[in-house]
Amino acid sequence: MAHGPSRSVACGIFPDQGTNPCLLNRQADSQPLRHQGSPLIRSSHVKRDLPDRDTQALLSTTQAMELRRRDYRVERPLLNQEQLEELGSQTSATGTLQWRTWFQCSHARARALLLQYFPVLAWLPQYPVRDWLLGDLLSGLSVAIMQLPQGLAYALLAGLPPVFGLYSSFYPVFIYFLFGTSRHISVGTFAVMSVMVGSVTESLAPDEAFLQALNSTVNVTARDAARVQAASTLSVLVGLFQVGLGLVHFGFVVTYLSEPLVRAYTTAASVQVFVSQLKYVFGLHLSSRSGPLSLIYTVLEVCWKLPQTVVGTMVTAVVAGVVLLLVKLLNDKLRRQLPMPLPGELLTLIGATGISYGVGLQHRFGVDVVGKIPARLLPPVAPSPQLFARLVGNAFAIAVVGFAIAISLGKIFALRHGYRVDSNQELVALGLSNLIGGIFQCFPVSCSMSRSLVQESTGGNTQVAGAISSLFILIIIVKLGELFQDLPKAVLAAAIIVNLKGMLMQFTDICSLWKANRVDLLIWLVTFVATILLNLDLGLAVAVVFSLLLVVVRTQLPHYSVLGQVPDTDIYRDVAEYSEAREVPGVKVFRSSATVYFANAELYSDTLKQKCGVNVDHLISQKKKLLRKQELKLKRLQKENKLPKQAAASKGTSISINVNTSVIDIESNDVEGSKAKQVSTGTELEGIAASGQEDAKAPDMSSLKTLGLPQPDFHSLILDLSSLSFVDTVCLKSLKNIFRDFREIEVEVYMAACHSPVVTQLEAGHFFDASITKQHLFASVHDAVIFALQHPRSSPVNPVLVTKL
């Protein structure tokens, strides 16, 4: 053989060889795909293009194109499931009982558990002070500068006095420093969480419930106390849910919140936040509303009361908003030149407080201000158990949403900086932050995207930056908080609205999803509309249920295809999509793009029969009808032959002839015709009986050809089961019915490319028996095709095998 530029690898296992020889040969010309070998060898040959990328980088363009034309050739035995298990020496996996390790006691296990639930003990002793302390210090200071205005503003958003936003920026942050695993997220107040809390507090303690009888004014002190109690109790419940879910390793629950769902939900929440701040921007007094359509009613009420706008409040909000926008634009433009972003919110708050105090905005222009801020920490207070039943649904929704936001941001930063975030420990850390924070009268918190980005960009390396920011907040609470008593609430509202820019920009998802995936766009739109119309808690429930139902619907409508072989390869593709793919003569290969289970098993079977081009049910019905006619005819002939034999045995042959003549030919009076008919009938019956006694000819009486029925143009059907991830009892019955029905029309059925866990489930469901064995299951579609070509069905199915099913 001449040596050429291409190489061919031949690898095979043969019955007379105990090893697996692999021979490297050089061939002059690439050989076409061949199906060769006897049933004892059952070898298959495969040829594919194999580009050598490392070589291409070193060779010229001409040489690279020549390399692409090189091929490799694999020779191996044709393998069904039995042979594959024998060849691979498959053993049953010994499952270890996880619960047994829970009760094992050792020093190493105790240390591992301690480090697992107290991550700070693992990384803090190894903290590189010289390298990271300065960056964490600057990062903590920058985050604290942002925490101050956001804490005040988001407390207002939650329907609480502003100082409780500072409390929620201190306790939970320090708790997360001890238990969290993310090094860069900034835990604390967040707009979405605050608006969810605000909807709860305003529904449990509306203004109308605290009207004073004398002058019909609201008792603000009593109302705020009731709302603080509701918010702190809600925080405790949220913490209990998160800690409980984390301890039982239920962190995967967040996987049911897809990215389009979360983005649509946060976009709808930002619209809720925007609408809730309009009363502070225009200085209006609105009714407290909650529940479905509350947002629509609030917008209508704002429009109705616009003539009552306080001009001083509106001007203050507009000026503050313009200043904040200008500072943000300046930060974006000078991002590379500035070591840290300009604290526009803090500067705006300081300037607005000074102007309000100097000009007297509250007394002269009626601008509503923050009011008294106590310069102290509050003692812990036990939650109110009477509120648990009314808060449990909202608490679970807030717990899931808060965790989803935190873990998504945490994983983004972890991938960026090369470390791992434990989702279950994150649940525990957030839960403890909310649980302990609720005892100290904080409201539920999560992490903020804007503060997290600042913490990372200003040099933060660990949660030491979070601890430093919480200490700065503590100093502000104790010493500097009372300086902001004259801060206008309109400025806080302007800061909230300006910070919504990022979330409101998510409306552009509609255009991108329209081009990328319209199913995700449908999830986005349904989530957004449901959250806007039904409020945050019901909207989240509707969004999750809809997305899960959509998954079920998509599995019920998979893509079914008949596969053909790509020339000179062992690859099989949809003949409707690949023009060069050709169906193998006499063989049908069928594949579904989704797993088969109770919801789509019937559709799988119906589509299979439709794609095969044969009306299987009608053909089986016709076959059974003809067989039934044959059986009735046989019984009738046996009965007619039995009657004269009985008469001959009792009265003699002549009498039997006379009797038979008088009965059969009573109308024609043709005795000779009667005799002839009797003789012919006996001959026909004897022929049928004789043919029925012959084992070789008995099956032919029920074949499609003998019955005069059309035969399918294929003798083998191969089911590509590579997409199956599990099987249930309905799927097992459906597959057995497919075997039974196609064997009735003389088509043998094979299965291919089934994963090992699915094979195990087939065995557990007693799918394999005498008529369907593992020899009907092949390692690949190509193996099944070669076997089907080597073993075409030349005779109909034995009825005994069919009836066993």
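1. Observations regarding the overall build of the chain
1) Next: Along its length, the chain carries 34 helices and twelve strands.
2) Next: Taking all 805 residues of the chain together, 46% fall into the buried category.
3) Next: Carbon and sulfur atoms form 61% of the exposed surface of the chain, whose accessible area is close to 41,300 Å².

2. Notes on helix α9 (residues 171-179)
1) Next: Here α9 lies mainly inside the structure; seven of its nine residues are buried.
2) Next: Within α9, the full set of buried residues consists of Tyr171, Pro172, Val173, Ile175, Tyr176, Phe177 and Phe179.

3. Side note on empty space enclosed by the protein
A probe matching the size of a water molecule, rolled over the atoms, marks out where space remains unfilled.
1) Next: Counted by the stated rule, this structure contains three cavities of 30 Å³ or more.
2) Next: There is about 370 Å³ of room inside the largest cavity.
3) Next: Along its surface, the largest cavity is lined by 23 residues, and Glu202, Gln272, Ser276, Arg289 and Thr298 are the ones closest to its centre.
4) Next: Mapped onto the lining of the largest cavity, the elements with two or more residues apiece are α7 (129-157), α10 (191-204), α12 (259-276), α13 (278-282) and α14 (294-304).
5) Next: The dominant element in the lining of the largest cavity, judged by the number of residues it contributes, is α10, at four residues.
6) Next: Of the residues belonging to the lining of the largest cavity, the class tally is seven nonpolar, twelve polar and four charged.
7) Next: Within this model, the second largest cavity holds a volume of roughly 50 Å³.
8) Next: Among the elements of the structure, α12 and α18 (388-417) are those that each provide at least two residues to the lining of the second largest cavity.

4. A few points about the sheet that holds strand β9 (residues 587-592)
1) Next: Pairing in this open sheet of six strands is mixed, and the strands run β8-β7-β9-β10-β11-β12 from one edge to the other. Looking at strand neighbours, the two that pair on one side only are β8 (572-574) and β12 (777-778), the edges of this open sheet.
2) Next: Pairing of strand β10 (residues 716-720) with strand β11 (residues 748-752) involves five bridges; the strand directions are parallel. Note on β11: the bridge partner recorded for Ile718 is Tyr750.
3) Next: Strands in contact with helix α26 (residues 601-611) are β7 (560-565), β9 and β10; relative to β9, the strand with the most contacts, it is inclined by about 145°.

5. A few points about the packing of α10 against helix α11 (residues 220-247)
1) Next: Between α10 and α11, whose axes approach to 9 Å, the crossing angle comes to 135°. What the angle tells us is that α10 and α11 run oblique. Considering only the axes of α10 and α11, their crossing is right-handed. Residue-level contacts link Val197, Val200, Thr201, Glu202 and Leu204 of α10 to Arg227, Ala230, Ala231 and Leu234 of α11.
2) Next: Taken together, the residues of the contact of α10 with α11 break down into six nonpolar, one polar and two charged.

6. Some details on the pattern of salt bridges
1) Next: Counted according to the given criterion, the structure contains 21 salt bridges.
2) Next: Its salt-bridge partner being Asp741, residue Lys609 comes within 3.1 Å of it at the nearest N-O pair. Note that Lys609 is positioned in helix α26 and Asp741 in helix α31 (residues 729-744), a separation of 132 residues in sequence. Of the two residues examined, Lys609 and Asp741, each falls in the buried class.
3) Next: Among the salt bridges present, the one from Glu744 reaches Lys623, with a minimum N-O distance of 3.6 Å. Of this pair, Glu744 sits in helix α31 while Lys623 sits in helix α27 (residues 616-651), placing them 121 residues apart in sequence. With respect to class, Glu744 is no different from Lys623; both count as buried.

7. Let's talk about the environment of Ala601
1) Next: With respect to the secondary-structure elements, Ala601 resides in helix α26.
2) Next: Ala601 sits 131 residues away from Leu732 along the chain, and the two C-alpha atoms are 9.2 Å apart.
3) Next: Among all residues touching Ala601, those that are not within four sequence positions of it are Val596, Val730 and Ser734.

8. Focus on the packing of aromatic side chains
When we look at a pair of aromatic rings, we describe it by the centre distance and by the angle of the planes.
1) Next: For the structure on display, the rule yields 21 aromatic pairs.
2) Next: When the centroid spacing of 5.5 Å and the interplanar angle of 90° are considered together, the rings of Phe164 and Tyr167 count as edge-to-face. Within this pair, Phe164 and its partner Tyr167 are both found in helix α8 (residues 163-168), separated by three residues, close to a single helical turn.
3) Next: Seen from their ring centres, Phe241 and Phe396 are 5.5 Å apart, and the 80° between their planes marks the pair as edge-to-face. A residue pair is termed long-range when its members are at least 10 positions apart, and Phe241 in helix α11 and Phe396 in helix α18 qualify at 155 residues.
4) Next: Looking at Phe241, the relative accessible area reads 24%, which means it is partly exposed.
5) Next: Taken together, the ring pairs in this structure connect Trp123, Phe174 and Phe177 into an aromatic cluster.
6) Next: Sitting over the face of the ring of Trp514, Arg518 holds its NZ or CZ atom 3.7 Å from the ring centroid.

Cut-offs used in this document
Residues numbered from 1 in each chain as written. Predicted model: local features only at pLDDT ≥ 70, side-chain atom pairs only at ≥ 80, totals over all residues. Heavy atoms only, no water. Helix = DSSP H or I, 4+ residues; strand = E, 2+ residues; numbered from the N terminus. Buried < 20%, exposed > 50% of the residue type's maximum accessible area, 1.4 Å probe, protein only. Areas by Shrake-Rupley, 256 points an atom, 1.4 Å probe, with all protein chains shown as cover. 1 Å grid on protein atoms, 1.4 Å probe; cavity = no way out; pocket = protein on both sides within 12 Å on 5 of 7 lines; lining within 4 Å. Points joined across faces, edges and corners; volume = space filled by probe spheres on them. Nonpolar A, V, L, I, M, F, W, Y, C, P; charged D, E, K, R; others polar. Pairing = 2+ DSSP bridges. Contact = heavy atoms within 4.5 Å. Axes fitted to C-alpha atoms, helices over the stretch in contact; angles between N-to-C directions. Parallel < 35°, antiparallel > 145°, perpendicular 65-115°, else oblique. Left-handed = near helix turned anticlockwise from the far one by under 90°. Salt bridge = Lys/Arg side-chain N within 4 Å of Asp/Glu carboxyl O. Phe/Tyr/Trp six-rings, centres within 6.5 Å; stacked < 30°, edge-to-face > 60°. Lys NZ or Arg CZ within 6 Å of the ring centre and 35° of its normal.

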